[in-house]
Amino acid sequence: MLNFALSLDMASSSSLLSEEQFLCSICLDVFTEPVTTSCGHNFCMACITKYWDSRDLYQCPLCKETLYRQPELRVNTTLREVVENFKKMRGRGKDESPPKPGKSLFCRTDQTCVCQFCTEADHKTHDIVSIEEECGERKAQLAKTEAEVLKRSNSQSQTAYRSSLLWCAQLKKSQVELVKVIEERQKAVERQVEGLIKDLEQEITELKRRSTDLKQLSHTEDHLHLLQNYPSLVYKHPPTKNMSEISVHSALCVGTVRRAVSQLEETLNKEMEKLPEVKLKRIQQYAVDVTLDPDTAHHKLILSEDGKQVRHGDMELNLPDIPKRFDQHCIVLGKDGFSSGKFYYEVIVKGKTRWTLGVARESIDRKGQITLTPEDGLCVVYRRNVNVYKASNSPPVLLSLRKNPQKVGVFVDYEEGLISFYDVEARSHIYSYTGYTFTEKLFPFFGPSEKDENSAPLIISHVNHTG
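Everything numeric in this text was worked out from a predicted model, so none of it was measured.

A word on helix 2 (residues 45–53)
Every buried residue belonging to helix 2 is among C47, I48, Y51 and W52, and all of these are buried. On an axial view of helix 2, the arc spanned by its buried residues comes to 125°, and they lie on one face. With respect to the buried face of helix 2, the exposed residues turned more than 90 degrees away are A46, K50 and D53.

Topic: the sheet that holds strand 15 (residues 428–433)
Overall, antiparallel pairing links the 7 strands, which are arranged 5-6-17-8-13-14-15 in an open sheet. Each edge of the open sheet is held by one strand with a lone partner, namely strand 5 (301–303) and strand 15. In this sheet, neighbouring strand axes are inclined to one another by 20° on average, regardless of whether the strands run parallel or antiparallel. Where strand 5 meets strand 6 (residues 309–312), 3 bridges bridge the pair, whose relative direction is antiparallel.

A short note on the confidence of the model for the protein
On average, residues of the protein score 77 in pLDDT, and 65% of them are at 70 or above. Contacts of residues 1–16 to residues separated by more than four positions or lying in other chains number 43 contacts, the stretch itself having pLDDT below 50.

Describing the sheet that holds strand 10 (residues 378–384)
Strand order in the open sheet made by the 6 strands is 7-16-9-10-11-12, with antiparallel pairing throughout. Looking along the sheet, the strands with just one partner apiece sit at the ends: strand 7 (332–333) and strand 12 (397–399). Bridging between strand 9 (residues 355–361) and strand 16 (residues 442–447) involves 6 bridges; their strand directions are antiparallel. Within strand 16, the position partnered with T356 by the bridge is G447.

Here's the deal with the packing of aromatic side chains
Within the structure shown, the criterion is met by 10 aromatic pairs. Judged by centre distance (6.1 Å) and plane angle (45°), the rings of Y286 and F411 are tilted. Of this pair, Y286 sits in the loop between helix 8 (276–283) and strand 5 while F411 sits in strand 13 (residues 407–413); the two residues are 125 residues apart in sequence, bridging distant segments of the chain. On the basis of relative accessible area, Y286 is assigned to the partly exposed category, the value being 30%. Assessed through its relative accessible area of 4%, F411 is described here as buried. On the basis of an interplanar angle of 55° and a centroid distance of 6.1 Å, the ring pair of W355 and Y389 is categorised as tilted. Here W355 is found in strand 9, whereas its partner Y389 is found in strand 11 (residues 388–391), with 34 residues between them in sequence. Accessibility assignment for this pair places W355 and Y389 in one class, buried. Among the aromatic residues, those joined into a ring-pair cluster are Y414, F421, Y431, Y433, Y436 and F438.

Concerning the pairing of strand 17 (residues 458–461)
Here strand 6 pairs with strand 17 via 2 bridges, running antiparallel. Across the sheet, Q309 pairs through a bridge with I459, a residue of strand 17. Bridge count between strand 8 (residues 342–348) and strand 17: 3 bridges; the pairing is antiparallel. Bridge pairing in strand 17 links E346 to S461.

Description of the side chain of D413
With respect to the helices and strands, D413 occurs in strand 13. Here D413 falls in the buried class, since its relative accessible area comes to 8%. Apart from the residues within four sequence positions on either side, D413 is in contact with G341, K342, L418 and F438.

Thoughts on the environment of V83
Its place among the elements puts V83 in helix 3 (residues 77–91). The sequence separation of V83 and E19 amounts to 64 residues, and the corresponding C-alpha distance is 9.6 Å. If sequence neighbours within four positions are ignored, V83 has contacts with F22, V30 and F31.

Thoughts on the environment of F22
Mapped onto the elements of the fold, F22 is located in the loop between helix 1 (8–13) and strand 1 (34–36). It is 8.9 Å that separates the C-alpha atoms of F22 and V82, two residues lying 60 residues apart in sequence.

Notes on the environment of N385
Tracing the backbone shows N385 in the loop between strand 10 and strand 11. A residue is classified by how much of its surface remains accessible, and N385, at 56% relative accessible area, is exposed. Sequence spacing of N385 and T353 is 32 residues, and the spatial spacing of their C-alpha atoms is 6.3 Å. For N385, the contacting residues outside a window of four places in its chain are T353 and R354.

With respect to unusual backbone geometry
Cis geometry is found at the peptide bond from S394 to P395, where omega equals 0°. One non-glycine residue, L28, lies in the positive phi region at around 60°. By the secondary structure assignment, L28 is in the loop between helix 1 and strand 1. Phi at E33 is positive, roughly 50°, even though this residue is not glycine. By the secondary structure assignment, E33 is in the loop between helix 1 and strand 1. Owing to a relative accessible area of 36%, E33 belongs among the partly exposed residues under this scheme.

Definitions and limits used
Numbers given to residues run from 1 along each chain, matching the order in which its sequence is written. In keeping with the model being predicted, local features are shown solely for residues with a pLDDT of at least 70 and side-chain atom pairs are shown and tallied solely at 80 or more, while totals for entire chains, interfaces and linings include all residues. Values reported for side chains reflect all heavy atoms of the structure, with hydrogen atoms and water molecules removed beforehand. Relative accessibility under 20% of the residue-type maximum defines a buried residue, over 50% an exposed one, and the middle range a partly exposed one, all with a 1.4 Å probe and only protein chains included. Note on conventions: DSSP H or I runs of at least 4 residues are helices, E runs of at least 2 residues are strands, and numbering of each starts at the N terminus. Picture the helix axis, draw a direction to every C-beta atom, and the arc is the one those directions span. Think of it this way: DSSP has to see at least two bridges between two strands before they count as a pair. Helix axes are fitted only over the stretch in contact, all axes being lines through C-alpha atoms; the angle between N-to-C directions runs from 0 to 180 degrees. The predictor reports its confidence for every residue as pLDDT, a score running from 0 up to 100. Contacts are assigned to residue pairs with any non-hydrogen atoms lying within 4.5 Å of each other. What counts as a ring pair is set by centres within 6.5 Å for rings of Phe, Tyr and Trp (its six-membered ring), and what kind of pair is set by the plane angle: stacked under 30 degrees, edge-to-face over 60, tilted for all other angles.

Shown next, in the form of structure tokens:
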């Protein structure tokens, strides 16, 4: 503790060490329980507390710096000791003798200040190491995320390539953009860390300089010089960063990248859903076991014993003319109808030059001539002649197919009013009827057409779900 054993004449001769330096700017009296605000100004604890209690904002009465919340004030013990010594010095008479020559005005408390500067410098150095370590961890995390992006997008690229070169190219472009985002985030982290380290190094340099100056001052015998420089070294701390409130903000960056990857996956999956081969694979899970209904078969049609095949015969069969049977067209329906949900089945048409497939309403006319239109209860696709394929819409739609289908898939979504046809082996879409409202049962519809060179049967095929 400072032993202010100077004479009153010495104190009064120092313009830098006057009573004004120890006065509270609020009560205008010598400090009582002095506290120091974050802006570096000193006040009596009771004075500044009462000042803040009477106002809406927490401001410094001198510099008007605004604080967003009332800080926890603690007595500046070193300043309190200086004030107490000043009071003692002020109360002494002129006859009191000054300190003995050669005796330092520093005590053990002041030596502690030197150690505190050194300790704080060591803490700042430790902060630099911690930040560098955290930066390394963040960079490793970003690198891991980048590897994850590449792995996931490359896996998707393989699927996209098998389906669409266009989507493969789009995925690669998105991949490049994501990697670019990761690299930009990493550079931002590095710039942030460089700035923090630069600031800390400047603080360390200033703390070491003050420590050195204070050590030199502790050995001086020039008491006036000591009193003039001691307050500026001890009480006027340079602004320093609170490292507990500082972190390397890259976790949010990683989260942003992960969300971007998830959004990319979601978008890709939605678009992949539109691809015929992906769509077909998903709807095959609605496969049903279809069996032909002999009671609906035209008398020239021959059905297999298991009800899975139908072909046109040479002669008319002697069959009872019941209401369910078609008498003018070579048609047969499936035994079971569907009035809700989704169903799917596949039919082999290999070797046939003419055929008709689709679904029919339960109320379709079974007697006399009928037209292949939705209005008459039929939604079908048919082949005629060599390479003529049509959908029986109103008017009929001519279909352009790359090659002749060998197996046709028929899918119905009753609630959505959707009927779709697929080339199973080519895994491509043929045609869809959309926007219908169904109110009665729908039955699978089969028309093998006339024999001539078209003797091959229509065969209801087992659905391969892993195709």
